[in-house]
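Notes for the structure review
Each chain, letter by letter, is given below.
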Amino acid sequence: MRLITSTRRQFIGHASAAAAAACVPATRALAAQDGTRSLGALGASKGILFGTAYDSEVLAPSAFSDLYVWQARIFTSNNFMKFGSLRPTEKGADFALADSLVDFARARGILVRGHNLIWNDWTPDWLRMSSSRRVTYWLDRHIEETVAHYRGKLHSWDVVNEPFWPGHGNKEGYRSGPWYEALGKKYVIRALKRAHAADASAKLVINESGPEWEHYWGMDSGPVRKGLLRLIDEVRESGARLDAVGLQCHWMADFKFNPESFLAYLQELAARKLAIYLTELDISDAKIEGSVAERDAEVARRYHQILSTALKVPEVKIVQTWELSDNATWQREEPYLGPGGRLTRPLPFDEALQPKAAYEAIARAFSEAQR
């Protein structure tokens, strides 16, 4: 994804305000009536941190904000910590919004994951037009300044996001972009070492999309699965620290999932003594046919399928959805809509902040986990 100006935040702001008005009395009062429990609490009972991506919409007191605080034990920054968000110009980083959101979570006892330090997308034009020497300078400076700014405040950092994209045709399947073009694949190890030096307490993560699937975005996932394992081994050989691997788990309309091969891959990661985080889980219903109830049921079936498979592996420590309610999903932008512009319903709560079948599927997967 390139850095673009999105209308999603404006949309969510209006939608969440409307939902808040529709949901008075507060979310928890309604929950007491229908038996809804916190997924954070259900996960914690099995040693699983459940959480969600979040953004500026939670800062305004509302039922929307209340839902996020009630359900999540860990937050991941959505867009507000990405390089292009912090450094739209070369003048220096603007941490104001990120500070507000980190402070919001910490004041409520909710952990925060930083997402992300280095990604070959979501970078501003000024960086893309810089020389290799200048890009290298900014990799070092950005990591050192940003990680130091939040030293001791974050659970973990996605130090490198999506290092692989076989469609770009690079050796070993690496994703193109300013960091790769300046340093080749060595940028990954360099970034991990810089992050460790800046904060030895935060867990360091490589976050990837693709290894979960047999086929995704029109590509075979095999090169990404192999490439990530090879990269992990190279990181270890270099002496750099790596604590966990993040698997995004965006289940888009045409992605192919095989539970047996997914489980086998998780076991390969676990054998490398790494924690595993499911970092960005959501399930598109854009090409699922039927009524709302039928589509919701199929989305729920897929939530249960992927989670019941993943939770067989004890090293899976975190499960996060990418936002909680349907009015906050990135999948309500083109080109991710359903037929005729139909709005997607990929998350555990609906626009009115009510639990859906997907919520029940996640809760059941947690309850069934043998931990």
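Computed from a predicted structure; not experimentally measured.

So, about the packing of aromatic side chains. Per the counting criterion, the structure on display carries 22 aromatic pairs. Judged by centre distance (4.6 Å) and plane angle (40°), the ring pair of Phe 164 and Tyr 174 falls under tilted. Placement of the pair is Phe 164 in the loop between strand S4 (156-161) and helix H9 (178-183) and Tyr 174 in the loop between S4 and H9, with a sequence separation of 10 residues. In terms of burial, Phe 164 and Tyr 174 fall into one category: buried. Summarising the aromatic geometry, the rings of Tyr 174 and Tyr 180 are spaced 5.9 Å apart at their centres and angled 10° between planes, so their arrangement reads as stacked. On the accessibility criterion, Tyr 180 (16% relative accessible area) is buried. Connected via pairs of aromatic rings, a cluster forms that spans Trp 165, Trp 213, Tyr 216, Trp 217, Trp 251, Phe 255, Phe 257, Phe 262, Trp 330 and Tyr 336. Stacked on the ring of Trp 122, the Lys or Arg Lys 82 has its end atom at 4.4 Å from the ring centre. The side chain of Arg 108 reaches across the aromatic face of Phe 104, ending 3.9 Å from its centre.

Attention now goes to the pattern of salt bridges. Between side chains of opposite charge, a pair can form when the charged atoms approach closely. In the structure shown here, the tally under the stated rule is 25 salt bridges. Salt-bridge contacts for Glu 298 lead to Arg 302; the nearest nitrogen and oxygen are separated by 2.8 Å. Here Arg 302 and Glu 298 lie together in helix H13 (residues 292-310), a separation of four residues that amounts to about one turn. As a salt-bridge pair, Lys 356 and Asp 326 come within 2.7 Å of each other at their nearest N and O atoms. With Lys 356 in the loop between strand S11 (316-321) and helix H14 (357-368) and Asp 326 in the loop between S11 and H14, this pair connects stretches of sequence that are 30 residues apart. Its relative accessible area of 7% is what places Lys 356 among the buried residues.

Position of Glu 237 among the secondary structure elements: in helix H11 (residues 222-238). In this structure Glu 237 comes out as exposed when scored by relative accessible area, which is 68%. Along the backbone, Glu 237 and Gly 218 are 19 residues apart, and their C-alpha atoms lie at a distance of 33 Å.

Each value, and the rule that gives it
Residues numbered from 1 in each chain as written. Predicted model: local features only at pLDDT ≥ 70, side-chain atom pairs only at ≥ 80, totals over all residues. Heavy atoms only, no water. Phe/Tyr/Trp six-rings, centres within 6.5 Å; stacked < 30°, edge-to-face > 60°. Helix = DSSP H or I, 4+ residues; strand = E, 2+ residues; numbered from the N terminus. Buried < 20%, exposed > 50% of the residue type's maximum accessible area, 1.4 Å probe, protein only. Lys NZ or Arg CZ within 6 Å of the ring centre and 35° of its normal. Salt bridge = Lys/Arg side-chain N within 4 Å of Asp/Glu carboxyl O.

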